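Observations on the model geometry
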Amino acid sequence: MRAKREVNRLEEVKFVGDFATVACLIMYVSYIGQIIANLNGNPVSPMQPLFASLNAALWVGYGWLKPHKDWRVIIANFPGIIFGILTALTAIM
């Protein structure tokens, strides 16, 4: 009985992890709209995307440095580094 509860719990944790990974990816991909606005002459503040890229880099480092690499954290946050930097750069161009 206890083993079945543990298996169910692991499945729930994996589901939440997968859902959180997708949500994080969508959050960072949404910077594309800000990049387009920046390039069209309607720049946004570069501070939020700059710190978002720093935050993403820290999470990627955390996921990479764990004894067992946390690929969900790495995959979810790596695009944040790229899109955050691109958004910040296009805001100041």
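Residues numbered from 1 in each chain as written. Predicted model: local features only at pLDDT ≥ 70, side-chain atom pairs only at ≥ 80, totals over all residues. Heavy atoms only, no water.

Going by what an unreviewed UniProt entry lists, the protein chain is known as Sugar efflux transporter for intercellular exchange and is assigned to Lentilactobacillus kisonensis F0435.

What follows deals with the UniProt feature "transmembrane region" (unreviewed entry) in the protein chain. On the UniProt side, "transmembrane region" (unreviewed entry) is annotated at positions that read residues 15-37, 49-65 and 72-92 here. The distance separating the terminal C-alpha atoms of residues 15-37 is 35 Å; by composition the span is 96% helix and 0% strand. Along residues 49-65 one finds 100% helix and 0% strand; the C-alpha atoms at either end are 24 Å apart. (UniProt positions renumbered as here; feature names shortened; annotations may be inferred. Helix = DSSP H or I, 4+ residues; strand = E, 2+ residues; numbered from the N terminus.)

With that out of the way, let us pick up the nonpolar core. Soluble globular proteins tend to bury their nonpolar side chains together. Counting residues in each nonpolar core, the largest one holds 11 residues, listed as C24, Y28, Y31, I35, A52, A56, V60, I74, A76, I81 and F83. Only α1 (2-29), α2 (31-39), α3 (47-65) and α4 (71-92) provide two or more residues apiece to this core. Ranked by the residues each element gives to this core, the list is headed by α4, at 4 residues. Not counting residues up to four positions away in its chain, the partners in contact with C24 are A76 and N77. (Core = buried A, V, L, I, M, F, W, Y, C linked by side-chain atoms within 4.5 Å. Buried < 20%, exposed > 50% of the residue type's maximum accessible area, 1.4 Å probe, protein only. Contact = heavy atoms within 4.5 Å.)

Our next topic: the environment of L58. With respect to the helices, strands and loops of the structure, L58 is situated in helix α3. Take L58: its relative accessible area is 57%, and that puts it in the exposed class. Separated by 19 residues in the primary sequence, L58 and N77 place their C-alpha atoms 8.9 Å from one another.

Side chains of M47, L50, F51, L54 and L58 sit close together on the surface and give an oily, nonpolar patch of about 500 Å² of accessible area. Locating M47 in the fold gives a position in helix α3. For M47, a relative accessible area of 44% gives the class partly exposed. (Patch = residues over 30% accessible without salt bridge, like charges linked within 9 Å, V, L, I, M, F, W, Y side chains within 5 Å. Areas by Shrake-Rupley, 256 points an atom, 1.4 Å probe, with all protein chains shown as cover. Salt bridge = Lys/Arg side-chain N within 4 Å of Asp/Glu carboxyl O.)

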